[in-house]
Amino acid sequence: MNSNINALIASHKPGHGLPQAFYNDAEVFQTDLQEIFYKEWLFAIPACELEKAGSYVTQSIGAYKVIIVRGSDNVIRAFHNSCRHRGSVICTAKKGNNPKLVCPYHQWTYELDGRLLWARDMGADFDASKHGLKTVHCRELAGLVYICVAEEAPDFDTFAKTALPYLELHDLSNAKVAYESSIIENGNWKLVWENNRECYHCAGNHPSLCRTYPEDPSVTGVGGAEPSPLVQNHVARLEAAGIPSQFTIDAGGQFRLARMPLLGAAVSYTMDGKAAVSRPLGRVHIPDAGPLVQFHYPSTWNHFLPDHAIVFRITPISPTETEVTTKWLVHKDAVEGVDYDLNRLSEVWIHTNDEDREVVENNQMGINSPVYEPGPYSETQESGVLQFVQWYLATLQRNRGPQSLAAE
Amino acid sequence: MNSNINALIASHKPGHGLPQAFYNDAEVFQTDLQEIFYKEWLFAIPACELEKAGSYVTQSIGAYKVIIVRGSDNVIRAFHNSCRHRGSVICTAKKGNNPKLVCPYHQWTYELDGRLLWARDMGADFDASKHGLKTVHCRELAGLVYICVAEEAPDFDTFAKTALPYLELHDLSNAKVAYESSIIENGNWKLVWENNRECYHCAGNHPSLCRTYPEDPSVTGVGGAEPSPLVQNHVARLEAAGIPSQFTIDAGGQFRLARMPLLGAAVSYTMDGKAAVSRPLGRVHIPDAGPLVQFHYPSTWNHFLPDHAIVFRITPISPTETEVTTKWLVHKDAVEGVDYDLNRLSEVWIHTNDEDREVVENNQMGINSPVYEPGPYSETQESGVLQFVQWYLATLQRNRGPQSLAAE
Amino acid sequence: MNSNINALIASHKPGHGLPQAFYNDAEVFQTDLQEIFYKEWLFAIPACELEKAGSYVTQSIGAYKVIIVRGSDNVIRAFHNSCRHRGSVICTAKKGNNPKLVCPYHQWTYELDGRLLWARDMGADFDASKHGLKTVHCRELAGLVYICVAEEAPDFDTFAKTALPYLELHDLSNAKVAYESSIIENGNWKLVWENNRECYHCAGNHPSLCRTYPEDPSVTGVGGAEPSPLVQNHVARLEAAGIPSQFTIDAGGQFRLARMPLLGAAVSYTMDGKAAVSRPLGRVHIPDAGPLVQFHYPSTWNHFLPDHAIVFRITPISPTETEVTTKWLVHKDAVEGVDYDLNRLSEVWIHTNDEDREVVENNQMGINSPVYEPGPYSETQESGVLQFVQWYLATLQRNRGPQSLAAE
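Calculation criteria
The numbering scheme is per chain: residues are counted from 1 as the chain's sequence reads. A letter from A marks each chain and a number from 1 marks each ligand, given out in the order of writing. The predicted nature of this model means local features are confined to residues of pLDDT at least 70 and side-chain atom pairs, given and counted, to a pLDDT of 80 or more, with totals for whole chains, interfaces and linings taken over all residues. Think of the side-chain values as coming from all heavy atoms in the structure, minus any hydrogens and water. Counting from the N terminus, the helices are DSSP H or I runs at least four residues long and the strands are E runs at least two residues long. Within these notes, the globule rule equals 2.2 Å times the number of residues to the 0.38 power, and the radius of gyration is based on C-alpha atoms. Using a 1.4 Å probe on the protein chains alone, a residue whose accessible area is under 20% of its type maximum counts as buried, one over 50% counts as exposed, and one in between counts as partly exposed. Any two residues whose heavy atoms approach within 4.5 Å at even a single point are treated as in contact. When charges are tallied, Lys and Arg are placed among the positive residues and Asp and Glu among the negative ones, while His and the ends of the chain are skipped. Where a charge lies is defined by one atom per residue type: Lys uses NZ, Arg uses CZ, Asp uses CG and Glu uses CD. Buried surface area refers to the total accessible area, computed with a probe of radius 1.4 Å, that the two partners give up upon joining, counted for both partners together. We count a salt bridge whenever a side-chain nitrogen from Lys or Arg sits within 4 Å of a carboxyl oxygen from Asp or Glu. N or O atoms closer than or at 3.5 Å make up a polar contact, with two conditions inside protein: a donor-capable atom paired with an acceptor-capable one, and, for residues adjacent in sequence, both atoms drawn from side chains. Pairing between strands is defined by DSSP: at least two bridges between the two strands are required. Copy-to-copy alignment: least squares on C-alpha atoms, limited to residues at pLDDT 70 or above in both. Two cysteine sulfur atoms form a disulfide, by the criterion used here, when they sit within 2.5 Å. Note on aromatic pairs: the rings of Phe, Tyr and Trp (six-membered ring only in Trp) are paired at centre separations within 6.5 Å, and the planes decide the class, stacked below 30 degrees, edge-to-face beyond 60, tilted for the rest. Throughout this entry, Asp, Glu, Lys and Arg are counted as charged residues, while Ala, Val, Leu, Ile, Met, Phe, Trp, Tyr, Cys and Pro are counted as nonpolar. The remaining residues, Gly among them, count as polar. Note on definitions: angles span 0 to 180 degrees between N-to-C directions of axes, and those axes are lines fitted to C-alpha atoms, for helices only across the stretch in contact.

J.: Mind showing me how you'd approach the overall build of chain A here?
T.: The helix and strand inventory of chain A stands at 11 helices and 17 strands. Its C-alpha atoms give chain A a radius of gyration of 22 Å, near enough to 22 Å, the size a compact globule of 408 residues would have. If one aligns the C-alpha atoms of chain A with their principal axes, the spans along those axes are about 75 × 60 × 35 Å. Counting only residues that meet the buried cut, chain A has 60% of its 408 residues in that class. Contacts in chain A between residues at least 24 apart in sequence constitute 67% of all its contacts with a sequence separation of at least 6. On chain A, the mean spot of the 34 positive side-chain charges and the mean spot of the 48 negative ones are 7 Å from each other.

So this is what it looks like as structure tokens:
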């Protein structure tokens, strides 16, 4: 397969979609897991989901199962969800709170920091200190928790340093999850990203979103079009007010941050463009500051607004299935029914996600045809897709490392 | 696998069923798609289903997705259902009517003849004439539409020339679909055919059909038994009346046409043997002319009666799943409830299909056993099965061409 | 794969769980079927299920389908459930009664002893005597039916001779099935066994069973702990009364028989420990004799009590799916509602099975993680698991025979 992957990469025609196998082949999917999802930092949860010591959530990344848990010292850690005895998963629920991590099979008992505390009848020679839970790399950044299941994690600091000034104003540690949804899109994870990275499809598919979100690529693009005066003025006004807003993109293309204006007088993603939450989340004191848009490949994109925030997490399930989890964050003291209406808060992106699911699924079905031939991207409209594809191919090649070289 | 296929073919014992792998192996199934279904002409729909310009249906053949659409010039054409931009399927419904073919993703817009008419923001260098829909071979024969997804289609004219005189009397262009059913049989497509090509199983399984359909192999067979005087007289009477009826079989065995008598006074496939439709379909003016039976491997068998017609289309889904679609055609001006009763028209073959599904599924289950050993076909009763198996093996070998030779 | 299996076996660390591939790899699963389930004797049914001549049940073992039928001569025989004509399954129901075995496809008709009696229109050269049903090895032992689908079956007599004295007192030929359940556990069949072979998990998972069943490994173990005086006294008392009870294990470890005391005054697996059935099954006339526990790898474990018996059959379905069928046997003349209450009889093991399903499924999920590393078994608590794992590895190597040697 190494040589196949190299041949596949070589067969990609610049400016065009990826060859079919990248979207539906089982071995390419395994390579994507191995080289991308098992090696890169992934967004896991907003830190506020773990309210107190012992609060945990469980997640899957391909074949890995992970527990993310807040310790007695308030530190958030991540562990592999597999007992060191006979391998059983330890936490079987999606989320919960436990004073210790106790395996349900034979009650081996671990501290919240992963140390094995108790194991019955294991004999005199048994060394508990060698049977603690295996750790997963875990970093908290301004209220967002990222994890990495690789043995050695790549650099996280560059991203952290760049993003922190943008994010800290949004005070996400004082948020709560007002609503969450999780859907399966029957499409390859890269099609989910390609869909996300352009608004060429918006006018034809997203009636709710288009009430507030500008489909103009000179507003939302990544350099395929010069930023419009509108955007330049918007950013200048915010930066002058002490709100970091300048478009910034990682040298390697893995993440991007920028603040952009919404349409007309809109201040939030609602049907009428008015705020969804009366109590602000964070300290972005200019109501029409628009969203801080962030993406971090391969797992997340986010919209941080003055009144709420929306975080998305994508998880590949199979070559043609991807889970998209969306969480709507509001201030932890905002009261449902008083400060916000749940339907009003969530409806635009519930619709938008479902509309995107439909186009992604149609895209996948057509790509599966033996006659599929990658077509040209629009430079004007699809510069973001091009940027994603370039990041993907470069990362695949870099992470495969010697394998890749050996096969050439 | 090439050598495996050759070894498998070589292991077939003449006069006996096929070795197990032909019925349940994933690679043989892929070879069947590649060498048979992706290379041969396949029956798609009765032309009357596309009533007017812009009417379309969509179909799958293995991994291929096809649009069959009637143009403004009334010509029926077929296209691959995949946009030349990012590959999305264009028509997502099973059938419908559109003035243009518009991709739902980014609204690339194609004429009904496949030419790309409009694509937004693709830049000055973009050549729309090179981005028309990819065509699928398509032929209309006496109201029946056949397609072929191969780059170069094999000969269709021999079949067309042979079948036309038989078919044209049935005036299928003036038909309408009164009813259609689609079922999945959990059996290999070749088991569906083997079941279809003999009536050895009829007495034990088809109480409704056996009211009108003769199970006698000297009536329905393909040469394993001499035609009976009954059949000879029947055919002679019809031919004398200008109704082509003589048994005729393709040199290569791919198709057969013949007119055969029903039992006793029966004139149609009904529970009482009387006509199902009071308004005739076509110009076969002798009521007890019986069915014109036609098969065309690998996709269709048909019964054309003086009062209605039934067309079957089989589509392989997996090594052990086959879709069988049945359509009952009546004169376009026949009125339901006046000229025909829907239940009366369809019940015999609805029952028969379901009974066949059950025996095919039992057949598949037993063949899956490691001890399955192909048994002998009855020369008297199963000459049609033998003929199908011979056609299949010969076609597989011919279509594999040089691969086949290279491995020997 | 041969070399892979050898490498896998070599990578097993004594005293520890098996490497991951043994629990979830498709090729290992195929090897398990091929070398274990297709070669060893397997428990099929209690003989009492086949009440009279013509009574049959059907079963699947991997890809094999088997009919077990009682003949006119009262002998129980087993056949492959595949017609010698075109391979159809002959008996399509789970159980039933037929005077002959008639293929539903073309009515080929077999005697209950497998001989082909009638096949229509097969011509003068057809030799019916060469087309009888293919036989499956079948042995009845004290009312328990064992089968083997191998061409040549391994020794059964050693087991029969050892087990007969223990079993015959239970008079299983005069039993009836009072209740049966069949569940699918989403775990590898070996995890089902590992779970069965220890009671380390009982206290934490089986509240109903622990009312009567001793979790003490010195009572239930296989030599990891010396039998306690309690057990020695129990056995001595029973043996003195003519009830064979001594712990006995096969030299190769495939089967074990022993009688063990229940907790306190308990005499049966009920919530209150009292008898479940007022009419005894068999001639174990000491009410607190406790269960005769038997296992026979790879297909069955059993508990024979003075008042009833419980037989378990495990069937691997996929690498991570196993069917567990449980049957509760009572005296054939015991009357439901009078001599026993069905709920009271079955509830403890219905609960226990479901609790075991849950821990097995959690075990499988955690083992699937790429970081799973086989942990140490407790010598005190898990000697039975160790014994199973040793039997499995030894049997796999022995049955693979020359393959195994060739690859070394």
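Don't stop here, the text continues.
J.: Any chance you could explain the interface of chain A and chain B here in plain terms?
T.: One widely used convention gives an interface's size as the accessible area the parts lose upon coming together. Of the residues lining the interface, 29 residues belong to chain A; the matching set on chain B comes to 25 residues. Here chain A packs against chain B, burying approximately 2,300 Å² in sum over the two surfaces, 49% of which is carbon and sulfur. It is Tyr200, Val371 and Pro376 of chain A in chain A that bury the most area against chain B; as a group they hold 27% of the surface buried on that side. For the interface between chain A and chain B, the tally reads 6 salt bridges. Here arginine 86 of chain B and glutamate 382 of chain A are joined by a salt bridge, their closest N and O atoms 2.7 Å apart. At the junction of chain A and chain B, the tally comes to 18 residue pairs in polar contact (both at pLDDT 80 or more).

J.: I'm lost on the pairing of strand S14 (residues 292-296) of chain C in this one. Help?
T.: Within a regular strand, side chains alternate between the sheet's two faces. Residue and element names in this part refer to chain C. For S14, the buried fraction is high: 5 of the 5 residues fall into the buried class. Residues Leu292, Gln294 and His296 of S14 are buried on one face, and the alternating residues Val293 and Phe295, pointing to the opposite face, are buried as well. Examined bridge by bridge, strand S13 (residues 255-259) and S14 share 5 bridges and lie antiparallel to one another. Across the sheet, residue arginine 259 finds its bridge partner in S14, namely leucine 292. The pairing of S14 with strand S15 (residues 300-304) spans 5 bridges and is classified as antiparallel. When the bridges of S15 are listed, histidine 296 appears paired with threonine 300. With antiparallel pairing between neighbouring strands as the criterion, S14 and S15 make up a hairpin whose turn holds 3 residues.

J.: I would appreciate a short explanation of the relation of the copies chain A and chain C in the present structure.
T.: The operation relating the pair of chain copies consists of a rotation about an axis and a translation along that axis. The two copies are related by a screw operation: chain A maps onto chain C through 120° of rotation and 0.0 Å of translation along the axis, at an RMSD of 0.0 Å. Such a turn and shift between the copies fits a three-fold axis. The C-alpha atom lying nearest the rotation axis in chain A is that of alanine 26 of chain A; the distance is 8.9 Å.

J.: In this structure, what is going on with the state of the cysteines? I would like to understand it.
T.: The bond known as a disulfide is covalent and runs between the sulfur atoms of two cysteines. By the definition in use, this model includes 3 disulfides over all chains. Two residues, cysteine 199 of chain A and cysteine 202 of chain A, share a disulfide whose sulfurs are 2.0 Å apart. In this structure the cystine formed by cysteine 199 of chain A and cysteine 202 of chain A twists about its S-S bond by roughly -105°; its chirality is therefore left-handed. Overall, cysteine 202 of chain A belongs to the buried group, its relative accessible area being 3%. Of all cysteine sulfurs in the structure, the one in cysteine 148 of chain B sits closest to cysteine 138 of chain B, which takes part in no disulfide; the separation is 11 Å.

J.: Would you mind showing me how to read the packing of aromatic side chains here?
T.: The description of two aromatic rings rests on the distance between their centres and on the angle between their planes. This model, assessed by the stated rule, comprises 77 aromatic pairs over all chains. An angle of 55° between the planes, with centres 4.9 Å apart, marks the rings of phenylalanine 159 of chain A and phenylalanine 255 of chain A as tilted. Separated by 96 residues along the polypeptide, phenylalanine 159 of chain A in helix H4 (residues 157-168) and phenylalanine 255 of chain A in strand S13 (residues 255-259) bring together distant segments of the chain. Overall, phenylalanine 255 of chain A belongs to the buried group, its relative accessible area being 4%. Look at tyrosine 297 of chain C and tryptophan 391 of chain C: their rings are 4.9 Å apart centre to centre, the planes differ by 45°, and that puts the pair in the tilted class. One end of the pair, tyrosine 297 of chain C, is in the loop between S14 and S15; the other, tryptophan 391 of chain C, is in helix H10 (residues 383-400), with 94 residues separating them in the sequence. As far as the burial class goes, tyrosine 297 of chain C and tryptophan 391 of chain C line up, both buried.

J.: What should I look at first to understand the interface of chain A and chain C in this one?
T.: Contacts between chain A and chain C engage 25 residues on the former and 29 residues on the latter. Together chain A and chain C conceal approximately 2,300 Å² of surface at their shared face, both sides included; 50% is due to carbon and sulfur atoms. Summed over the shared surface of chain A and chain C, the number is 6 salt bridges. At the junction of chain A and chain C, the tally comes to 17 residue pairs in polar contact (both at pLDDT 80 or more). When grouped by side-chain class, the residues that make up the side of chain A that touches chain C number 9 nonpolar, 10 polar and 6 charged.

J.: When you look at the sheet that holds strand S12 (residues 248-249) of chain C in this model, what are you seeing that I'm missing?
T.: Sheets are built from strands that pair by backbone hydrogen bonding, the pairs being arranged parallel or antiparallel. Residue and element names in this part refer to chain C. Spatial ordering of the open sheet is given by S11-S17-S16-S15-S14-S13-S12, a layout of 7 strands whose pairing is antiparallel. Each edge of the open sheet is held by one strand with a lone partner, namely strand S11 (175-185) and S12. In this fold helix H9 (residues 342-367) packs onto S11, S15, strand S16 (309-318) and strand S17 (321-331), with an angle of close to 20° to the strand it touches most, S11.

J.: For this particular structure, what's the right way to read the pairing of strand S16 (residues 309-318) of chain B?
T.: Residue and element names in this part refer to chain B. The element S16 is extensively covered by neighbouring structure, given that 9 of its 10 residues are classed as buried. The pairing of strand S15 (residues 300-304) with S16 spans 5 bridges and is classified as antiparallel. Directly across from asparagine 302, in S16, lies its bridge partner valine 311. If you look at the hairpin formed by S15 and S16, you'll find 4 residues sitting between the two strands. Here S16 pairs with strand S17 (residues 321-331) via 9 bridges, running antiparallel. Looking at the pairing, isoleucine 310 lines up with tryptophan 328 of S17. The antiparallel hairpin formed by S16 and S17 contains 2 residues in its connecting segment.

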